[in-house]
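# Reading the structure
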Amino acid sequence: MRYTILYLLIFFGKLISAQDAANTGSIKGVVKDKKSGETIIQATIQVVGTYNATSTDIDGNYELKNIKPGDYSIKISYIGYTTKVYNGIKIKNGETVSLDIELTEESATLGEVEVVGDKNLVDLESAKSTYKIASEDIKQMNARDVQQIVALQPGVQQTQDGIQIRGARAYETSYIVDGVSAKDPLAGTGFGAAVSAGSLQEVNVITGGAGAEYGGSTGGVVAAKIKEGGQAYAAGGGWTTDNPRIIKNNSMGWNTDLVNVYLSGPVPGFKKKVTFFISGDMQLTDEYTSLLRLGPPNITPLDGITDRYKANQLRSSILDNYEFWGPRQDNKWTNTTKLAYNMGKGMKITLTNQHSILLNQNTRTLQVIGITQVLNPGFQYPYALNLDNATTYTHRTNLTSLNFKHFFTKQWNYEVTVGRLFTNLRADANGRPYREPTIDKILDPRSITTTPVSPYYTGKGDDLNYLYPTPGPGFINNGGISPIWHDHYAQEYSLNWKFNYSALSNKVFWTFGQQHKEQELQWVDITSPWVGQAIVLQNGEKTPVTAIGSSADLWKVSPAQGGFFATNELRYKGVTANFGLRWEYWAYGTFADDAAKSPANPLPQPIKDQYINNTVNILGRNFNSRLLPNININFPVTDNNTLFFNYGHQMQLQHPRFVYRSLNPIFKSYSPQDDIGNIALRPEVTVDYEIGLKSQITKNAGFQFSAFYKDKFDYVRPEIVLIKDQTGQFVEAQIQYNQDYARIRGIDMQYSQRFAKWFKGIIGGTYQIATGKSNSAAEAADGLKQNGFVGASKEQFLSWDVPLDLKFMIIFKGDTTLRIGKYSLKGWRAFLTMNWKSNGQRYSPAIKTGVNDDGRTKYEIDPFRVNTEMSEAIFNTDLKISKDITMYKTAVISIFIEIRNLLDNKNSQIINPVTGRGYYDGDPLLITERDPLYPNPQQDGLLPHNPARFRAPRQFLIGLSMGF
């Protein structure tokens, strides 16, 4: 049936394009070699977005007839030459446009398409849902890094959890920098190496239709390309701040400073064949939560506390000079270096190094897949009054990419990329050592009585008075330290290669290649590390060391993964069909192989047998594999309107924690309800369907629409099984199995409009529904412990489901032709974004179940309405206005102001299930939560005034940049 529909669409497209040939125009000319001036025979000339195409004759001449009036792109291609595209060619009724063309040998341009005219607003030849953001637009934006740029695109959500593309979880995004994966395989953020916006040449966001070349991802693809140096020297930098030191009591700033410097140009002594680009960025802030009071006047004991809530000094146990690296609550340092050597004869080599250091107290820095609470902000509210004792996170990354391209014949070229990614993440009690040599005091903050204490009278006429801590239960302000100690590193070496072959005058393309990674992963996760440490007795003797914390998980593994891929792309008169196949393979390494063979390992025997039976031993390692097909088809339906269809399978390996957890018997004692890894886990798989329309309405207007459906399965959820502990006794343990799934379906669109050269407007929107069994393995585990999954098998809305997401963007750049009265707008630039979401997040509503003795209404979560309600809508507006001043002909100074959350909207992000919004003074709460209107020393929990319950308020920044 679906093939019948495609054939009918093609037939009607040809029928429409053939009608009324009298009201048409034409294009004619000659195609020559730019260097020799000789004519080129059988070059293909095509009107992009139509079936209209022809070839040059024996004299290099061509003529395209029967072109309807309108704006078109003309593409010229020939084997061994760079494809050339002329954009904005205007065809008028009855007229013939003369267009003579010169092509450059492809070995000189290394496969880059040569574009003449303004960039098209949509890509009519691609079947992918893709958005390419060039450096010119990035420069206009107020985005700091790749994530913020990506978040502006349709189909992309930026939540507390990270970047989520078309309803996928944050860790499912594939993040590539100069051809090398930049994703931390152990942290669940989806991103690893931090790249500043100023270092980017372009960012390509693929939300649907990623082909067989991309592996290891079940979400979208973010491919970033680092800038290269030019043939002339360039230097510059800038400073942005919300604390200009001249405004006292600044309510729209929170001590933020952003600094960027760069230098680029040719390397001396290499005749301009070698160029360099170097940049450094510093982003420091105390975050908006440091400015807000933790409670309202006259209601909580926090009245009168107005100091900033931040640590006196962030300390890191893996950074020697932490005073320098961590002066604020959130610190990000990045530096980028790129060398490019154009060797001639169709050869080019580039070397990129990207290094970053992040030091903060944001718990979202470490998102361990499956155990992190979904959509919870990272502010450590329990430690708000003593952040010097909270958890500090240090994330270091170093990425190196060596890329070599070679066009060695007119039909063949290849590309080889060698990469190394190193990431290290440490979480500790603000730089304190793992644990002291001996323990002589209580360190667990939950076991220490908070002082001072205040009397509490029950008011019931009895003599019993309570003494309760101030500011109340839940806050950790007592000398105790964070019970979290975590360290992981990942060292990943990759080799990627691919060959490209073109035939039949660039009508048939073959691509085949391989991507391979060798990894070394080390994981240390300890809770309350002081537990089990030696204690000094009165006689001076020490007790023996009995444990590594209250719980511990330690392993070091060397897995491998990769894939072979092949694609065949056919192009004929406007139709593009791409058929791809990827053979993905992986090996969990000798750690898992040994676990499958060891009788002492606690894994149930059926899991061991399944692992052995489903793998093949190659060179001493057990490998598993999977075939993943992909189909992309794109064809015109009318002139400048193309229909596209995508079908594909993608897979992603489970987080290593689910595979290796607790399989090291040396460091683990098995107690009831322990989590145990499963070496027989299958990867997560997504089957993706998409159909869409692209329209180049005019050369200055474009539209893109797509409908998508994603079937995601083989997520993990737990089962309780019996295993043998180290004493040989049977105990219950929790093992993850492939039992969960999710479905995402929706539509997204984008309309772009350009006015002259000074204005560009973009309206985008997404409507989608994301449902599944559970939000995470941890949530499924909680349901298992509480009720054995009674009622939990029902499909429900996922907590990050945002049905409607609308985005509006304006980019303005003035020139001498634009004036307000007599005043020229040359040098003025503006960037405005607006984002409206139908809800902040899904939540399970509360219902009234009675009234307490003290008159407090009881509200409890309705167990039959999980995630059925949506919190109040989110609306945010950002504005940046700049003025460029040219000095000495080459120097440009820019002065700008930037206002984030321009309208100061109060957007909720911690939802009160009773009201469906963030907590306001006097709002009712769940009966299990501490209500400041009903003080009770027996009521556990925190006060509801977490400053992170709302997103960031208005922030006003000013800046100055200079470039030469």
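### Notes on the packing of helix H6 (residues 590–597) against helix H7 (residues 605–613)
At a closest axis distance of 9 Å, the pairing of H6 and H7 adopts a crossing angle of 125°. Considered as vectors, H6 and H7 are oriented oblique to each other. In the packing of H6 onto H7, the handedness of the crossing is left-handed. Taking contact as the criterion, the partners of Ala592, Asp593, Ala595 and Ala596 in H6 are, on H7, Lys608, Tyr611 and Ile612.

### Some remarks on the pattern of salt bridges
Scanning the model with the defined rule gives 34 salt bridges in all. Residues Asp71 and Lys90 are paired through a salt bridge, measuring 3.5 Å at the closest nitrogen-oxygen approach. With Asp71 in strand E5 (residues 70–77) and Lys90 in strand E6 (residues 84–91), the pair connects residues that are 19 residues apart, well separated along the chain. Since its relative accessible area comes to 11%, Asp71 is described here as buried. Judged by relative accessible area, Lys90 falls into the exposed class, the value being 51%. The partner of Glu213 in a salt bridge is Lys498, with the nearest N and O atoms 2.9 Å apart. With Glu213 in the loop between strand E15 (200–208) and strand E16 (221–226) and Lys498 in strand E26 (residues 484–503), this residue pair connects regions lying 285 residues apart in the sequence.

### Some points on the sheet that holds strand E9 (residues 114–116)
Read from one edge to the other, the open sheet built from 5 strands follows the order E3-E2-E5-E6-E9, with strand pairing classed as mixed. Of all the strands in the sheet, just strand E3 (53–55) and E9 have a single pairing partner and so form its edges. Taking the axes of each pair of neighbouring strands and ignoring which way they run, one obtains an average angle of 20° across the sheet. One ladder, built from 3 bridges, connects strand E2 (residues 44–47) with E3; its direction is antiparallel. Considered in E3, the bridge of Thr44 is made with Ser55.

### Some words on the environment of Asn738
Examined against the element boundaries, Asn738 turns out to sit in strand E37 (residues 730–755). Under the relative-accessibility criterion, Asn738 is labelled buried at 15%. Once you skip the residues sitting within four places of it in the chain, Asn738 turns out to touch Gln654, Leu681, Arg682, Asp714, Tyr715 and Val716. Within polar-contact distance, the side chain of Asn738 engages the backbone nitrogen of Arg682 at 2.8 Å. Side-chain polar atoms of Asn738 contact the backbone oxygen of Asp714, separated by 2.9 Å.

### A word on the sheet that holds E16
Taken together, the 5 strands give an open sheet; going across it, the order is E10-E15-E16-E13-E14, and neighbouring strands pair in mixed fashion. Since the sheet does not close on itself, it has two edges, and those belong to strand E10 (129–134) and strand E14 (180–181), each with one partner.

Rules behind the numbers
Residues numbered from 1 in each chain as written. Predicted model: local features only at pLDDT ≥ 70, side-chain atom pairs only at ≥ 80, totals over all residues. Heavy atoms only, no water. Axes fitted to C-alpha atoms, helices over the stretch in contact; angles between N-to-C directions. Helix = DSSP H or I, 4+ residues; strand = E, 2+ residues; numbered from the N terminus. Parallel < 35°, antiparallel > 145°, perpendicular 65-115°, else oblique. Left-handed = near helix turned anticlockwise from the far one by under 90°. Contact = heavy atoms within 4.5 Å. Salt bridge = Lys/Arg side-chain N within 4 Å of Asp/Glu carboxyl O. Buried < 20%, exposed > 50% of the residue type's maximum accessible area, 1.4 Å probe, protein only. Pairing = 2+ DSSP bridges. Polar contact = N/O pair within 3.5 Å; in protein donor to acceptor, adjacent residues only side chain to side chain.

Geometric descriptors of this kind do not, in isolation, establish any biological role.
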